[in-house]
Amino acid sequence: MLENKEGTVIRMLLKIKNCNNIDSAEIKIEPEKLNIKYAINGTGKSTIVKAITAFCYDDAQKKAELVPFKYRDKSDVQLPEVDVAEDIKKIAVFNDEYISNYLFQSDDLLKGTFNVFIKSPDYDRHVKEIELLLREVHETFQKHNELDELIEAFTSFIKGCGKSNSNLAKGSPLVKAFSKGNKLDNIPEGLEIYEQYLRNGEIVVPWLSWQMAGSSYVNDTDKCPFCTASIQNTKKAILQVKEEYATKDVEHLNNMLQVFAKLKQYFSEETRCRVDEISKNISGMSEDDKKYLFNIKGNATSLLERLRDLKNIGFFTLKKENKIKDALTKYKIELGEFPHFNSKVTSEKIDIINSALNVVMEKVADLGKEISQQKKLISQTVSKYNREINNFLQCAGYDYTVSFENEENTENYHLKIKHNQCDSSIDQVNNYLSYGEKNAFALVLFMYSALKEEPDLIVLDDPISSFDGNKKFAILDMLFKNKESLRGKTVILLTHEFSTVIDSLKNIPRLTGFVKAEFLSNKKGLLKEVEVKEESIQSFVKIAKDNIGSQQDNINKLIYLRRLLELINPGSIAYEMLSSLFHKREQPSKKISQTEFEPLDDDDINDATLEIRKYIPDFDYSTEYEKITDDEVMKQLYIHAGSDYERLQLYRVKFNENKFNSVIRKYINETFHVENDYLFQLNPCEYDTVPYFVISECNREMLGVDGIETEE
């Protein structure tokens with residue numbers, strides 16, 4: 001970490017050792033800037049991301065995955081080391097892992113939409129004020145635990161009645177429990193010896209399961225299958241248990257008896273007597289009994305809804321109400337509406353709740369004001385994010401729009417997407433969006449998520465390589481365009497796309513002063529950085545002219561000149577002369593067909609020579625021809641070349657017809673010509689853009705070794 005005289009951090013350092021293909025690296029990070037790390041594939045960009053993540057969060061598994069292959073299965077293993085700047089304690093990383101963990105849920109574009117977009121300090125302040133105004137109601141439930149027990153008992157009873165809207169469901173637990181009568185309170189004759197088990201609600205079900213499992217083994221024996229004692233006198237009773245009881249029905253019966261016991265004090269006197277009669281009946285339930293219990297279910301369901309509403313009363317349950325006072329009045333419970341629960345105990349509990357509501361109603365004006373302000377805040381927040389995201393989608397050419405949807409009476413928000421040619425939203429978006437579309441959404445949503453988390457470092461792992469030029473620009477513009485973006489945050493963006501560097505340094509005015517770019521190269525595990533400035537981005541014409549005018553051997557100058565002429569004056573006599581030279585034709589000639597060449601006459605040779613001498617005054621064809629055809633001269637030029645790019649060109653001259661595989665041959669040929677160059681590029685003599693595996697192959701052919709000592 002470097003600081004200025006005032007103590008302000010001006011640079012953070014990230015040191016990496018023994019991580020995958022990186023033996024050693026020192027990565028510079030400028031605080032509050034977009035730090036672009038531009039490198040060709042295979043340099044170690046993803047390794048940098050993994051190293052930061054593994055060591056920042058002390059992830060043992062990820063650390064183990066960073067061990068270089070050359071050290072695996074060896075006793076002298078060199079373990080990965082990462083020295084993360086002390087300022088970096090929390091990071092946010094955009095990569096495939098983030099997309100798979102947080103994005104494109106089955107019913108939502110983003111996991112945690114509420115926390116990312118809606119929740120804010122202002123939101124929390126209003127929630128706190130609203131909760132304070134409703135405090136009496138909430139504290140009533142906190143102080144009286146029996147209210148939660150009543151809610152739980154109501155829930156169990158209603159569930160036991162089944163889902164039928166007209167009567168008790170035939171397959172409901174309540175019907176199964178009492179349809180054959182209560183044989184726990186009314187033990188069948190002959191089974192009295194098991195009374196202590198059958199009437200013990202805590203053990204009756206597991207005991208029955210145990211007893212019935214053993215009864216399967218007593219048909220052909222008079223010995224107990226558990227202790228081998230004689231069961232000659234009890235064998236009939238053992239087998240009778242299996243005939244009289246079904247374990248599952250007994251389980252239902254036992255559960256429902258416990259529910260009735262909890263509700264007993266809340267039942268009216270008449271209801272309590274009737275329920276007691278039904279629950280103890282040996283002959284089972286009649287149709288009238290079922291209708292009576294179903295009637296109780298209706299009372300219980302209505303009262304349960306009131307209790308739950310009161311317990312959960314808050315902004316989301318009141319936000320749709322135009323008149324808060326009228327809404328609070330509706331929350332009051334009139335016990336006369338629930339005759340089955342019109343008991344002294346119930347009345348006492350209801351009076352406590354209604355009294356709490358009366359206190360709240362005295363503050364109804366303040367409550368209404370806070371709810372109104374919260375609604376306005378959420379509306380403004382949703383509109384803002386809708387506008388920003390949809391403007392981006394439109395500018396980038398994506399035919400989609402997003403919207404926020406709120407679940408009824410909850411704080412759960414979902415970010416939904418729909419195609420502009422369809423009114424309904426899209427679920428399972430992974431099945432519909434293309435790879436590029438998903439990446440575009442992912443980047444924008446990641447930005448908002450990172451802004452909410454406020455990490456010390458934001459890492460973007462090659463985020464926009466899958467987009468065309470217009471969409472890349474639109475995404476960069478969205479990510480860094482204003483105060484509520486990543487502009488001014490400490491960001492590392494790793495990319496193999498040079499157009500990203502061009503856009504960031506030259507084409508997005510908002511980023512002026514916020515960007516620091518470096519070119520990364522990796523040779524034999526040593527990763528180096530070279531700064532890329534705006535003036536480093538040059539046209540090929542300028543690069544060629546600068547390198548032609550530099551202090552280097554004429555052969556290298558002529559290579560640049562040939563490429564320059566190919567661009568600005570293809571087919572000229574000067575171009576044909578240089579082609580003859582590099583194809584090692586002693587007599588300069590020009591191509592007249594794919595296989596035929598015609599010697600240049602004296603006038604053409606003179607004209608070509610004069611044209612070339614405008615750039616290289618001491619040019620002489622014969623002199624340069626002798627160099628090119630002298631293996632030792634070419635070898636020395638190769639060894640003392642100023643960059644790997646120049647070595648690559650010298651290799652191409654020496655081995656006109658490459659001996660390499662087709663992939664490497666294509667790479668070398670494309671650097672020799674101009675067919676695939678960008679309009680703007682970095683000077684290859686200053687930035688080592690040649691992959692190490694390519695230059696290693698050239699070294700083998702030219703020198704018979706993988707590496708060479710150079711004058712760099």
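Residues numbered from 1 in each chain as written. Predicted model: local features only at pLDDT ≥ 70, side-chain atom pairs only at ≥ 80, totals over all residues. Heavy atoms only, no water.

K.L.:
Any details on the overall build of the protein chain? Residues and values, ideally.
P.N.:
Secondary structure assignment for the protein chain yields 30 helices and 18 strands. For the C-alpha atoms alone, the extent of the protein chain along its principal axes is close to 130 × 80 × 55 Å. Counting the 712 residues in the protein chain, one finds 48% classified as buried. For the protein chain, contacts bridging at least 24 residues in sequence account for 68% of all contacts bridging at least 6. (Helix = DSSP H or I, 4+ residues; strand = E, 2+ residues; numbered from the N terminus. Buried < 20%, exposed > 50% of the residue type's maximum accessible area, 1.4 Å probe, protein only. Contact = heavy atoms within 4.5 Å.)

K.L.:
Hey, could you go over the pattern of salt bridges for me, with residue numbers and the actual values?
P.N.:
Applying the stated criterion to the full structure yields 32 salt bridges. With a shortest N-O distance of 2.8 Å, Glu529 and Lys37 are connected by a salt bridge. With Glu529 in strand S14 (residues 526–532) and Lys37 in strand S4 (residues 34–38), this pair connects stretches of sequence that are 492 residues apart. Judged on exposure class, the residue Glu529 and its partner Lys37 are both buried. With its nearest N and O atoms 2.9 Å apart, the salt bridge here joins Glu195 to Arg199. Arg199 sits in the partly exposed class, given a relative accessible area of 45%. Overlapping salt bridges, with partners in common, bring together Lys28, Lys37, Glu518 and Glu529 in one network. (Salt bridge = Lys/Arg side-chain N within 4 Å of Asp/Glu carboxyl O.)

K.L.:
Tell me about the nonpolar core, and please be specific about residues and values.
P.N.:
Counting 145 residues, the largest nonpolar core has Phe117, Phe157, Tyr245 and Leu367 as the members making the most contacts within it. Looking at this core, the element that brings in the most residues is helix H18 (residues 364–396), giving 11 residues. Residues in contact with Phe117, not counting those within four places in the same chain, are Leu110, Thr381, Tyr385, Ile389, Phe404, Leu415, Leu445, Tyr448 and Lys452. The next biggest cluster of nonpolar side chains, apart from the first, holds 41 residues, and it includes Leu578, Leu581, Leu650 and Ile695. (Core = buried A, V, L, I, M, F, W, Y, C linked by side-chain atoms within 4.5 Å.)

K.L.:
So what's going on with the confidence of the model for the protein chain? Which residues, and what values?
P.N.:
Taken as a whole, the protein chain shows an average pLDDT of 85; of its residues, 94% reach a score of 70 or greater. Of all helices and strands in the protein chain, the one with the weakest mean pLDDT is strand S1 (residues 2–3) (50), whereas helix H25 (residues 602–613) scores best (93). In this model, residues 674–678 is a region of pLDDT below 50 whose contacts with residues beyond four sequence positions or in other chains number 10 contacts. (pLDDT = per-residue confidence, 0-100.)

K.L.:
A description of the pairing of strand S12 (residues 491–495) should follow, citing residues and the corresponding values.
P.N.:
With respect to burial, S12 is a largely interior element, 5 of its 5 residues being buried. Side chains of S12 alternate between two faces, with Val491, Leu493 and Thr495 and Ile492 and Leu494 buried alike. Strand direction decides the pairing type here: S4 and S12, joined by 5 bridges, are parallel. Within the sheet, the bridge partner assigned to Lys37 lies in S12 and is Leu494. As judged from the 4 bridges shared by strand S11 (residues 457–461) and S12, these two strands associate in the parallel manner. Its bridge partner lying in S12, Leu460 is registered against Leu493. (Pairing = 2+ DSSP bridges.)

K.L.:
Hey, could you go over the side chain of Asn167 for me, with residue numbers and the actual values?
P.N.:
In this structure, Asn167 sits in the loop between helix H7 (145–161) and helix H8 (173–178). A relative accessible area of 18% means that Asn167 is categorised as buried. If sequence neighbours within four positions are ignored, Asn167 has contacts with Glu287, Lys290, Lys291 and Phe294.

K.L.:
Now, about the packing of helix H13 (residues 269–280) against helix H14 (residues 287–311): what can you tell me, with residues and values included?
P.N.:
Working note: a packed helix pair is described by the angle between its axes plus the distance between those axes. The geometry of H13 relative to H14 is characterised by a closest axis approach of 11 Å and an angle of 135° between their N-to-C directions. Between H13 and H14, the angle falls in the class oblique. Helix-helix and strand crossings are classified by hand; for H13 and H14 the assignment is left-handed. Residues Glu270, Thr271, Arg274, Val275 and Ile278 of H13 form the contact with H14, whose participating residues are Asp288, Asp289, Tyr292, Leu293 and Ile296. Considered class by class, the residues forming the contact of H13 with H14 number 5 nonpolar, 1 polar and 4 charged. (Axes fitted to C-alpha atoms, helices over the stretch in contact; angles between N-to-C directions. Parallel < 35°, antiparallel > 145°, perpendicular 65-115°, else oblique. Left-handed = near helix turned anticlockwise from the far one by under 90°. Nonpolar A, V, L, I, M, F, W, Y, C, P; charged D, E, K, R; others polar.)

K.L.:
Hey, could you go over the packing of aromatic side chains for me, with residue numbers and the actual values?
P.N.:
If you walk through the whole model with that rule in mind, you get 23 aromatic pairs. Judged by centre distance (5.0 Å) and plane angle (0°), the ring pair of Tyr197 and Trp207 falls under stacked. On the criterion of sequence distance, the pair formed by Tyr197 in helix H9 (residues 195–198) and Trp207 in helix H10 (residues 204–215) is long-range, its members being 10 residues apart. Since its relative accessible area comes to 9%, Trp207 is described here as buried. Plain terms: the ring middles of Phe316 and Tyr413 are 6.4 Å apart, the flat faces sit at 65° to each other, and that makes the pair edge-to-face. (Phe/Tyr/Trp six-rings, centres within 6.5 Å; stacked < 30°, edge-to-face > 60°.)

K.L.:
Account for the side chain of Arg647, naming residues and giving values.
P.N.:
Within the fold, Arg647 resides in helix H28 (residues 644–654). A relative accessible area of 1% places Arg647 in the buried class. For Arg647, the side chain forms a polar contact with the main-chain oxygen of Tyr638, separated by 3.0 Å. Of note is the side chain of Arg647, whose polar atom sits 3.1 Å from the backbone oxygen of Ala641. (Polar contact = N/O pair within 3.5 Å; in protein donor to acceptor, adjacent residues only side chain to side chain.)

K.L.:
A description of the pairing of strand S10 (residues 413–419) should follow, citing residues and the corresponding values.
P.N.:
Counting buried residues in S10 gives 5 out of 7 residues, a clear majority hidden from the surface. The pairing of strand S9 (residues 400–406) with S10 spans 7 bridges and is classified as antiparallel. Counterpart to Glu405 in the pairing with S10 is His414. Taking the residues that link successive antiparallel strands as the turn, the S9-S10 hairpin has 6 residues, and the phi of Asn409 there is positive, at about 60°.

K.L.:
Now, about the packing of helix H24 (residues 573–582) against helix H26 (residues 621–628): what can you tell me, with residues and values included?
P.N.:
Close contact between H24 and H26 brings their axes to 9 Å; oriented N to C, the two are set at 30°. When the interaxial angle is binned, H24 and H26 end up roughly parallel. For the pair H24 and H26, contact is made by Met577, Ser580, Leu581 and Phe582 and by Tyr621, Glu624, Tyr625 and Ile628, respectively.

K.L.:
Pulling in residues and values, what's your account of H13?
P.N.:
Across its 12 residues, H13 extends 17 Å between first and last C-alpha, which sits within 8% of the 16 Å expected from 1.5 Å per residue. Among all positions in H13, only Thr271, Val275, Ile278 and Ser279 are buried. One side of H13 carries all its buried residues, which in axial view fall inside an arc of 95°. Counted as exposed and oriented over 90 degrees from the buried face of H13: Glu270 and Glu277. (Expected span 1.5 Å × (residues − 1). Arc of directions from axis to C-beta.)

K.L.:
Tell me about the environment of Asn18, and please be specific about residues and values.
P.N.:
Mapped onto the fold, Asn18 is located in strand S2 (residues 9–19). Along the backbone, Asn18 and Leu303 are 285 residues apart, and their C-alpha atoms lie at a distance of 67 Å. Sequence-distant contacts of Asn18, defined by excluding residues within four places in its chain, comprise Asp23, Leu66, Pro68, Tyr71, Gln78, Leu79 and Pro80. From its side chain, Asn18 meets the backbone oxygen of Leu79 in a polar contact 3.4 Å long.

K.L.:
Which residues make up unusual backbone geometry, and what values go with them?
P.N.:
Despite not being glycine, Asp58 has its phi angle at roughly 50°, a positive value. Considering the arrangement of structural elements, one finds Asp58 in the loop between helix H1 (45–56) and helix H2 (60–65). Here Glu454, not a glycine, exhibits a phi torsion of approximately 55°, which is positive. Looking at the secondary structure, you find Glu454 in the loop between helix H19 (435–453) and S11.

K.L.:
Outline helix H16 (residues 324–331), supporting the account with residue identities and numerical values.
P.N.:
Within the sequence span of H16, burial applies to Ile324, Ala327, Leu328 and Tyr331. One side of H16 holds all its buried residues, which, seen down the axis, span an arc of 95°. Exposed residues on H16 whose side chains face more than 90 degrees from its buried face are Lys325 and Lys330. The inward-facing, buried residues of H16 abut H14, helix H15 (315–318), helix H17 (344–361) and H18.

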